[in-house]
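# Results of the structural survey
Chain residues, written in single-letter form:
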Amino acid sequence: MWLVTVLGVIYLSAAVAAQDSNTVLPTAVFEPPQPNLQLQSPFSEPYSTEKVVLKCTIDGSSDWNIKWNRNHLEISGSDLFLSEEGSKLTITTETSAVYTCRGEHKIKGISTKDSNTLEIKVKDLPIPVVKLLTNWKDVFESERVEMSCEVGVSDWTFSWYKDGVPMNYEMPKLSFPSVTQSNEGKYQCKVLLKSRGVSSELSNSVDINIYAEKAKPHVTKSTASEKMYPGESIQFNCEVRLATDWNYMWYLNGREIPGANSPIYKKDNIDHSNGGQYFCKAKRGQFFSEESDKLSLQVSDLPIPVVKLLTNWKDVFESERVEMSCEVGVSDWTFSWYKDGVPMIYEMPKLSIPSVTQINKGKYQCKVLQKTRGVSSGLSNSVDINIYAEKAKPNVNKSTTFEKMYPGESIQFNCEVRLATDWNYMWYLNGREISGANSPIYKMDSISHSNGGQYFCKAKRGQFFSEESDKLSLQVSDPPIPTVKLLTNWKDVFESERVEMSCEVGVSDWTFSWYKDGVPMNYEMPKLSIPSVTQINKGKYQCKVLLKSRGVSSGLSNSVDINIYAEKAKPNLNKSTTFEKMYPGESIQFNCEVTLATDWNYIWYLNGTEIPGANSPIYKMDSISHSNGGQYFCKAKRGQYFSEESDKLSLQVSDPPKPRLKLLTPWLDVFEKEKVEMSCGVNDPTWTFTWYKDDQKLTKSTSLIWDEKGSKLTIGSIVRNHHGSYACKAHLTLRGVRSELSIKLYVKVYESLPKPQLAKNLAFDPMYVGEHVSFSCKVSVSSGWKYKWYKDSNVIANSGESLTINLGLQDKGEYWCNASRDDILIFQSNKIHQDVTEIPVPLLKPRNKQLDVFPKEMVELSCKILLGSGWTYTWYKDGKMIQANKDVVIGTNGATISFRSDPSHHKTQNYTCKAELKDRSVHSNFSSKVTLMVYDATPNVTLLQSPEYSLMHTGDSVSFRCDVNISSGWKFLWFKDGDKFEKDDHHNISSAQVKDTGIYTCQAERDSFRLQKSQNMQIEVKERPQAEVILLTGWAEVFSTDTLVLMCKVKESEDKWNYTWFREKIAVGEVPTEKYTVTPQNDPDQSHYTCKGIRTERPTYSVESSPFKTKNLLLKRRILLSVSGCLFFGIILAFLGCIYFKIRKPVVAEERPEENELFLTMKKQLEHTENSCPLVEYITDAALNEGPKKENDDIGLIRSDSTELMVTTQEDQGSPLKRLSDHLHLYIQQISDTFFHLFILFILAVMVSTGTENGGAMISFQKMS
C-alpha cells in the first residue's frame, strides 16, 4: 500500500512540472463567511425592560461593518446601542422579537448572508398581591397584624413599602407582633430578581389603621341605688364603641365570672356573695381591651338606726335643755322612740326636752321602719341622760404668790367647776365683767397698774349659770431706775483707744443689761469695757436692770455718747523751704501738728529711726550736711494711744550737678564748610554755662557763638582747625556754686568725600512675583545721608539708605543709587541686576483610588511644585488651614497629608494646598480642589445566599454574594468556620457536599481600610436520601403470574414521597406511584429499571436507585424450582431403591463382582469436570457472573476430601444379618455424601438467584455498574 502512495505522488509532481508556464489558472471566487449570532446574556427569556446582549461574530477578518435586524427590519437611530467595535448589541426588551445580523465589508463593499436567527421571548413581570392574613385592618396598639406578598414565581426577593417608602424587609410575610402608631399606613410590596436586577411593579395596597385611643369598654348598671338588699335583681351592660367583633368577659373583685361572655350580665337573686367591684373586658382574636371602669354592688343587711345627742351633755342640771335624734342612712323610714325599753308613742326623728327635771332621767333608744318594703330595724344604741341634784360653784386660784408685782410681769387665774363639763367662764375685776375673758384660764402676759384689784369668776353652760367663786387680790408697783457713769477720760476717742463705763442701781439680786443706740448688747456685767474701740463702737450707751426670775426689767438709764473719729489721728508735717535739693551748710525747719483732739506729745523720726530729745512740735537744723539727708516724719501720743505716722518729707543734700552736653546737629564727623551745634544744661534753669575745647576755655568769635546763658554753642563753616574735644561747666550764680566739667564731644573733620556702596539682602536668582527684596545704599563714613534710587536710568524713589520692593514682573531690571547730605552730593554707586518670574501653582493629587470614603477610612493626598526645590506645603480644608495632630499626619515639608475621614465636620470636604519657600516670603496660589465625599456611617457588609435555605442536601447548588451597597474598589475576604479563603464577591457551590457544612461570613476591604464582617450564614449539608427498588413478586407466585411488581422506597426516610420510574433513563408511567408492574407487553426487550423519590418539600428528590435488568426472571425461577424438586424426589427414590436391592440380593464379599459406584464422592466428581452439570452451566453463564466472584470461589471448595468406602474383611463377614448391616451402613454413607453435594448445589443456586435480585435490578439477576 505504501508503494502505491509513493508512485502516485511522483506521477502528480511530473504532471505539474510538464504544464506550460503560460497556462492561466482559474481565479478563485471569494465566498463571504456567514455571521454567527449568539446570545451573551445568561438568560434566553428576559423580562420586559431587562437588558440583553447579542454578539455577532464573522470569522476570518475584522474588516466588517455589522448591521442588525429586528423582525427583518434594520435597527437604527436611538435603538442602536453597540459596543465600541460594533459586534455587540445591547437591547432593552419590551416585546418578543427575532434578531439577525449581517456584515458589510469595509473595503470590498460586499455583504454576507444574514446570520442565524435568534428569537428573544419576553416575559411579563409578575405582579405581586398583598393579602391581609390577620382579620382586621382597623386595629389597636399591641394587636398583631400580618400580611403576605404573594406572587406565582420562585427565587424572587420580596421588598416591602410603607406609604411608598421602602422598609428594608425582604421576607414574603410581614408581621407586626405588637403594632404601634408608627405602623399605621398603606402597605405594598414588590418582588425583585436580584441576580438579574429586575423588579416588578408595586402591588395593591393594604391600609392599616391604628386607633390612637385605647380600647376601653363602657359599663353601666340597671339601678342607681348604692345599697342593695339580699333577693333583689340587677343588670350590668358592657360596650366597646370602637371596632367590632368583640367577645366580652365579666369580672367580680378581679376574678373572671365563668360563663359570662355576653355584653349583658344579669343577676336575678343577689346575696352577700354577689357584692363587690364589677368590671368587664373585651377580646378580639388574641387582643384584649383595657379594663372598664369599676362599678360597685353593695349588698347590705337592713340598716340599724343610731341615736345621737344633739345637745352637748348627757349629765345636766335641772332646767337645762336636752335634744336627741334617731338617724339612719336611708330615706322613707318611720321613727319610733323608747325610754328605758318602754315605747314613748313619738314618731319624729328628733326628741326634745326643753327643761329637764329628775323624771326625765333614763336610757333613750329608737327604731326605724322601711315603708315601701315593710322592714323594720332593730333597736338603736342607747343614750343615758343623768340629772344633777346639787348646785354648781367654781373654784378659783392664781399662778403666783408674790404680794407685789411689776408692770410687764405675767399672771394667770384659773376657774373650775368640778361637776359636769363644757362650761364657759366669765371673769370679773372689782365687780365688773372683764370683756372677752370666757375661758377657765384668765392670763395677762404683761400687767400694768390698771390691772390691780379684786378678781372672781362664774361659769355658764348653755343658758345655765353657776354661782360666783371666791375673790383674789393683785398689787402692781414700778421697778427701780439705774445710772450710767464714764470711767475713762475722753468721750471723743480714736479707733483702738480704750473706753470703760459702769451701770449703778440701789437694789440687789437684779441683772444688768446694756443698750447701744437703744439696741440690746447681750452683756450683763455692771461694768462695760471696750479695750480697743472701732467705728462700730460709736453711739449712745444706756443700761437696764432685770429681775430674771420674774422677767421684770427697769426703764433705760441716762445715756453716755461715745464719739469715735472716722479719720485716723495723723499729724500734718511741713518744712521751711521748698528747694528739692539742698547743699551742705544751709538751714531748715520742720513743723508737726495733730488738728483733732488735744493733749498730744510729739516724736520725730529720720529714715525710720527716732531722733533722741526731739519731742516738741518743731524740729530745726541750722547747718545741714550729707548726714542730715533723708526721710523725715513725726508721730503724736495721748496716754497709751499713738497716732499714725505723718507723711514723709525728703531732705536731699547733694553736691552741685554735672552738666549734660548734647549734640544738636546730626554729625560729629563732618566735612569742611558744614556746621556743628551742641548744648549744655542741667535740670535747674537758674544755672549758667561756660565752654571748653581741649580743656581750654573758649571765647566768642565769628565762627564760635553761644547765647546769653551759654547753654548753646554754634560752630559755623567748619574748617580743619575746629577738630578737637568740646566740654562745658554749670554755675549757680545766686549761691556761688560751680559744677565739674561735662562729658566731652569729639569733632572730626574729613579731608575728602566717600563713594556709596549698593547691596541686596537676598542672593536668590530668579525671585518670584510677590517676594520682597531690599537694596541698601550706604556711605561708609559719617551719617545723615539722603539717597536717590534708579532703575534702568529712571529715578524710582527718594528715600533712606534701603529700598524694599514687592516684586512684580515689571520690577525686573538694573538698580543703582547716589547719596547727598545738605549741599554735599556723592556720585553713583555700583549696579545690581534683578530677575523676576511668576510663582508656580502646586499640583494636588489624591493617592486613594476613591474619593468617596467612610468614617475612619485613611485618606492620603500629595502636593508638589514640579519645578524647583526647597518648597514647603500648607494644607486647607474648606478654606481653613489644617494643623498636624494625633489624627492628622503631615509628611516631610508638608508634601503629603494623611488622616482618617470624619463625617462630623462636613459630608463634602474640599481640600487644597499652597506652597511656600523656606526662609522666603514666596507663597503660591491654591492648588486645584480635590473634593472628598464622606459618608455618615461605615457601610454594612451584607452576605446574600441564594437559595435562602439553611439545610441543603448533597448535589444542591448554593451561591453566596458579598455585597457593599455603596462606593467601589472593594476586595472581599471569605471565611468558613473562621478560616479565610480568597474569592471575589461571589462564592458558588455548584454541587454541595457534606464537607461544605459550616458558618460562612465575608468581609470587604480596600487599601488598609477594612469593614466589619457580615452577618453569619450557616448551612448544613446532609446526604441526599437514596431510593431503592424492592421486588414484591414472590417465589410462590412464579407459576401463577406473568408480571413482576416492583416497589420504590427511600431508605431511612419517614417523609411522605411520590415516586418516578425510569426505563433505560426514560420516565415511564403517567402518574408518580410507589409501585410499578412489568409485563411482557410493556417490556419485551427486558430493560433497565430505576426509580427516584420526589416531593414538594425539601429535599425535593432523592438519589436515583441502582439500575436493574430483567432477563427471564420468571423462567429462571421456574427452572430452578423444578430442578430443585426433581433432585429432592430423585434422592428419595434412589435411597429407597438401594435399600430394596441390597436386601433382595446379598452377596458374599469375596465372590462379589466389582460394583460401579452409584454415587460418586466429591473428589471424583471434581475429577470429572468434563461432564458439567447443565444447571451449573446455566447458572454460571458468563453474562450473569460478571458480578460477585468471591462467593462462587468460596463455595466451589466447601469440601475437597473424599468419603472413603468401608472395606470388609473375610473375618468381618459373618452372619447374613451382619453383612446386611455393613451394606446398609456403606450405602447410607454414600447416599449421605451425594445428598450433601446436591444440597450445597441447591443452596448455591438459591443464593445466586436471591443475591442478584436484591443486589441488582429487582427484575434482573444482573447488577448494573
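None of the values given here were measured: they were computed from a predicted structure.

Tallying secondary structure elements over the chain gives six helices and 107 strands in all. A buried classification covers 39% of the 1265 residues belonging to the chain. Long-range contacts, defined as pairs at least 24 residues apart, comprise 63% of the intrachain contacts of the chain with a sequence gap of at least 6. By element, 51% of the accessible surface of the chain is carried by carbon and sulfur atoms, the whole surface being about 73700 Å².

Our next topic: a nonpolar patch on the surface. A cluster of nonpolar residues, F1128, F1129, I1132 and L1136, forms a patch on the protein surface that exposes about 410 Å² of accessible area. Following the sequence through the fold, F1128 ends up in helix α2 (residues 1113–1144). F1128 sits in the partly exposed class, given a relative accessible area of 44%.

Positionally, S159 belongs in strand β11 (residues 157–162). When its relative accessible area of 14% is taken as the criterion, S159 is described as buried.

Ordered by their spatial adjacency, three strands build an open sheet running β26-β28-β31, and the pairing between neighbours is antiparallel. Both outer strands of the open sheet, β26 (306–309) and β31 (350–353), are each paired with one neighbouring strand and no more. Between one strand axis and the next, the sheet turns through 20 degrees on average, direction left out of account. Taken together, the four bridges between strand β28 (residues 322–327) and β31 define a ladder with antiparallel strand orientation. Bridging across to β31, V322 finds its partner in I353.

Summed over the entire model, instances satisfying the criterion amount to 43 aromatic pairs. An angle of 5 degrees between the planes, with centres 4.9 Å apart, marks the rings of Y251 and F279 as stacked. With a gap of 28 residues between them, Y251 in strand β20 (residues 247–252) and F279 in strand β23 (residues 276–284) connect regions that are remote in the sequence. Y251 gets classed as buried once you look at its relative accessible area, which sits at 10%. According to the relative accessible area criterion, F279 is buried, its value standing at 3%.

Moving on to the environment of V958. As for its position among the elements, V958 is in strand β93 (residues 958–963). V958 sits 30 residues away from N988 along the chain, and the two C-alpha atoms are 6.1 Å apart. Setting aside anything within four residues of it in sequence, one finds V958 in contact with Q945, S946, P947, M952, H987, N988 and I989.

Moving on to the state of the cysteines. Counted under the stated rule, the structure contains 12 disulfides. Paired through a disulfide, C680 and C728 show a sulfur-sulfur distance of 1.8 Å. One disulfide, between C680 and C728, carries an S-S torsion of 75 degrees and so falls in the right-handed class. Here the residue C680 occupies a position in strand β64 (residues 676–681), and C728 occupies one in strand β69 (residues 724–732), the gap between them amounting to 48 residues.

Bringing the pattern of salt bridges into the picture now. A side chain with one charge can pair with a side chain of the opposite charge if their charged atoms come near. Enumeration over the complete set of coordinates arrives at 43 salt bridges. Between E497 and R638 there is a salt bridge, and its shortest N-O distance comes to 2.9 Å. Pair noted here: E497 is in the loop between β45 (492–493) and β46 (499–504) and R638 is in strand β59 (residues 630–638), with a separation of 141 residues, a long-range link. As far as burial versus exposure is concerned, E497 and R638 are alike and both buried. A salt bridge links D963 to R961, with the shortest nitrogen-to-oxygen separation between them at 3.3 Å.

Here we take up the pairing of β46. The buried fraction of β46 is high, at five of six residues. As paired strands, strand β44 (residues 483–486) and β46 are joined by four bridges and run antiparallel to one another. Residue pairing in the sheet places T483 in a bridge with E504 of β46. Alignment of β46 against strand β49 (residues 527–530), held across four bridges, turns out to be antiparallel.

Let us now look at the sheet that holds strand β35 (residues 395–398). If you walk across this open sheet you meet the three strands as β35-β37-β40, and the pairing is antiparallel. With partners counted over all chains shown, the strands left at the sheet margins are β35 and β40 (441–444), one partner each. Averaged over all pairs of adjacent strands, the angle between their axes in this sheet comes to 10 degrees, without regard to strand direction. Judged from the four bridges that link them, strand β37 (residues 411–416) and β40 form a sheet pairing that is antiparallel. Residue pairing for β40: I411 is matched across the bridge by M444.

When pLDDT drops low, the exact placement of atoms in the prediction is not to be read closely. Residues with a pLDDT of 70 or more make up 86% of the chain, whose mean pLDDT is 81. For residues 1–28, every residue scores under 50 in pLDDT, and the model assigns this stretch zero contacts once sequence neighbours within four places are set aside. Low pLDDT, under 50, characterises residues 1248–1265; the predicted model gives this stretch 62 contacts beyond four residues in sequence or across chains.

Of note, the bond from S946 into P947 is cis; its omega dihedral lies within 30 degrees of zero at -5 degrees. The residue P947 is located in the loop between β91 (942–946) and β92 (951–953) in this model. With an omega dihedral of -5 degrees, the bond running from R1098 to P1099 counts as a cis peptide bond. Within the element layout of this structure, P1099 appears in the loop between β105 (1088–1094) and β106 (1108–1109).

Further remarks concern the environment of S559. Residue position: S559 is located in the loop between β51 (552–553) and β52 (560–564). In sequence terms S559 and K516 are 43 residues apart; their C-alpha atoms lie 9.1 Å from each other. Look past the residues within four positions of S559 in its chain and what remains in contact with it is K540, Y541 and Q542.

Along the chain, the position of T1090 falls in strand β105. Of note is the side chain of T1090, whose polar atom sits 2.5 Å from the side chain of E1104. Ignoring any residue separated from it by four or fewer positions in sequence, one finds T1090 in contact with T1060, W1061, F1062, E1104, S1105, S1106 and P1107.

Right, let's get into the environment of V322. Along the chain, V322 turns up in strand β28. What makes V322 buried here is its relative accessible area of 0%. On a C-alpha basis, the gap between V322 and I353 in space is 5.1 Å, while along the polypeptide they are 31 residues apart. Ignoring sequence-local partners within four residues, the contact set of V322 consists of L309, T311, V316, L351, S352, I353, V356 and I385.

Rules behind the numbers
- Residues numbered from 1 in each chain as written.
- Predicted model: local features only at pLDDT ≥ 70, side-chain atom pairs only at ≥ 80, totals over all residues.
- Heavy atoms only, no water.
- Helix = DSSP H or I, 4+ residues; strand = E, 2+ residues; numbered from the N terminus.
- Buried < 20%, exposed > 50% of the residue type's maximum accessible area, 1.4 Å probe, protein only.
- Contact = heavy atoms within 4.5 Å.
- Areas by Shrake-Rupley, 256 points an atom, 1.4 Å probe, with all protein chains shown as cover.
- Patch = residues over 30% accessible without salt bridge, like charges linked within 9 Å, V, L, I, M, F, W, Y side chains within 5 Å.
- Salt bridge = Lys/Arg side-chain N within 4 Å of Asp/Glu carboxyl O.
- Pairing = 2+ DSSP bridges.
- Axes fitted to C-alpha atoms, helices over the stretch in contact; angles between N-to-C directions.
- Phe/Tyr/Trp six-rings, centres within 6.5 Å; stacked < 30°, edge-to-face > 60°.
- Disulfide = S-S within 2.5 Å.
- pLDDT = per-residue confidence, 0-100.
- Polar contact = N/O pair within 3.5 Å; in protein donor to acceptor, adjacent residues only side chain to side chain.

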